[in-house]
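A look at the structure
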Amino acid sequence: MKVKSDDIIDIIKNAGTQADALLLNEYAILRDIGCDSLDMMNVFLHIQEKYDVEIDDDDIDKLNTVHDFLNFINKK
Amino acid sequence: MIGIKEIASYVPDERILNFDKCDHYGVTRDFVKNKIGVLKRHIAEENESCVDMALGAIKSLMSKVDTTIDDIECIVFVTQTPHAEGLPHSSAYLHGKLDLHSSVACFDVSLGCSGYVYGLNIICGFMNESKFKNGILVTSDPYSKIIDYNDKNTALLFGDAATATLISDKPRFVITDSVYSTDGTGLSSLIKSNGILKMNGREVFNFVAQNIPIQVKKLLKDANISIDQVDLFVFHQGSKFIVDTLVKRLGLDSSKVPIVLENTGNTVSSSIPLALEGYINSELDLILLSGFGVGLSWGTLIIKKYKV
């Protein structure tokens, strides 16, 4: 089953990040809307656990938006 | 019954205020306060070693108890930044500086942030088998000596401190249950290389977030204790973010989880006794202690108020 943007948005909200909920959409750059480096770490872990995917350190710089996460997961 | 009687601590005089360093490291005050959780760190003087800091903690301990230094029958010294070159062991230096009797048993335990939990079980077991009445568990790590101050991942986090715990046959708290783990395949996440501490923050975060809740739940299940029965959860104070993560993942009442690294930083094996120090004379019944870090090594135990 394909992952949808709302699934990723829910993860980001439930992970307890400081992302501004009003600005959170598929194309918003997460760091620009309040996610700091530790929030991102938390999001990476939640994504890994939920979708059983491995996010390598090399992948991190490419994962900046909900859309990036969708592409990453749906390609796996 | 052997257990914890009293705890005392020592921090060096020199201190660094993290807010003064925000611009240098390109971080915000909000990040320092609410994520790292460290506003102030103490730094040992250049010639001040783990043994000197331990002496400060023991002096403070002796001022709080009726026991005298001549009553002490063993010292277990937890450190990973040993005195001089690490040979002989730091506890031998401490023995000499305290001018203790030759009958006093002294040895080191080389562990980091799990060291207090392991050390507590080691000294209690050792004293029980040896029929000792009084011993001291020391933790002391001047990590400032191995920090790269160009590395913001570690430079804003770690502080120097030492603690001394009086272990006695007239305890206030005794260990009831414990569980320990090691994962040597993950050791490169937190390692000293060329004299400098290297930390992969993401790997350490994943390790803690994924493994500590499992260990805590296993211990409580094995001990037949519900999470609500525990009066206090004292986690290693790795960072505010890591303790907050454990609160969330375990579904804990945050009022039962002290976060006390604001004025000391992550003090490695001293962080748990520093947090516990304020509760040792309380009326709390069950306290869970959980340490995790270098190794990777993690251990969790429960102490219970001892009633004669």
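This text goes with the structure placed above it.
Now for a look at the structure at hand.

Criteria and thresholds
Residues numbered from 1 in each chain as written. Chains lettered and ligands numbered in written order. Predicted model: local features only at pLDDT ≥ 70, side-chain atom pairs only at ≥ 80, totals over all residues. Heavy atoms only, no water. Buried < 20%, exposed > 50% of the residue type's maximum accessible area, 1.4 Å probe, protein only. Helix = DSSP H or I, 4+ residues; strand = E, 2+ residues; numbered from the N terminus. Pairing = 2+ DSSP bridges. Axes fitted to C-alpha atoms, helices over the stretch in contact; angles between N-to-C directions. Parallel < 35°, antiparallel > 145°, perpendicular 65-115°, else oblique. Left-handed = near helix turned anticlockwise from the far one by under 90°. Contact = heavy atoms within 4.5 Å. Nonpolar A, V, L, I, M, F, W, Y, C, P; charged D, E, K, R; others polar.

1. Side note on the pairing of strand 4 (residues 74–78) of chain B
All names here are of chain B. Within strand 4, five of the five residues are buried, which leaves the element mostly enclosed by the surrounding structure. The two faces of strand 4 match: C74, V76 and V78 on one face and I75 and F77 on the other face are all buried. Bridge count between strand 4 and strand 5 (residues 105–109): five bridges; the pairing is parallel. The residue of strand 5 that forms the bridge with V78 is V109. Of the strand pairs in this sheet, strand 4 and strand 6 (residues 134–141) are connected by five bridges, and their pairing is parallel. Residue C74 lies in a different strand from strand 6, and its bridge partner there is G135.

2. Concerning unusual backbone geometry
Residue and element names in this part refer to chain B. The step from L87 to P88 runs through a cis peptide bond, and the omega angle for that step is 10°. The omega torsion of the bond from G295 to L296 falls at -5°, within 30 degrees of zero and hence cis. Topologically, L296 is positioned in the loop between strand 12 (286–293) and strand 13 (297–305). The residue A84 is not glycine, and still its phi comes out positive at about 50°. Its identity as a non-glycine residue notwithstanding, K131 has a phi of 55°, on the positive side. Inspection of the secondary structure puts K131 in the loop between helix 5 (115–130) and strand 6. On the accessibility criterion, K131 (71% relative accessible area) is exposed.

3. Points about the packing of helix 2 (residues 37–51) of chain A against helix 7 (residues 201–222) of chain B
Where helix 2 of chain A contacts helix 7 of chain B, the two axes come as close as 10 Å, and the packing angle between them is 55°. The angle between helix 2 of chain A and helix 7 of chain B falls in the class oblique. Between helix 2 of chain A and helix 7 of chain B lies a crossing whose hand is right-handed. Together, A:M41, A:N42, A:F44, A:L45, A:Q48 and A:E49 of helix 2 of chain A and B:G201, B:R202, B:F205, B:N206, B:A209 and B:Q210 of helix 7 of chain B make up the contact between the two elements. Residue composition of the contact of helix 2 of chain A with helix 7 of chain B, grouped by class: five nonpolar, five polar and two charged.

4. Overview of the packing of helix 2 (residues 29–36) of chain B against helix 8 (residues 240–250) of chain B
Residue and element names in this part refer to chain B. The contact between helix 2 and helix 8 brings their axes to 6 Å, and the two run at 45°. Taken together, the axes of helix 2 and helix 8 are oblique relative to one another. On helix 8, the residues that touch K33, N34, K35 and I36 of helix 2 are K240, F241 and D244. Tallied by class, residues from the contact of helix 2 with helix 8 come to two nonpolar, one polar and four charged.

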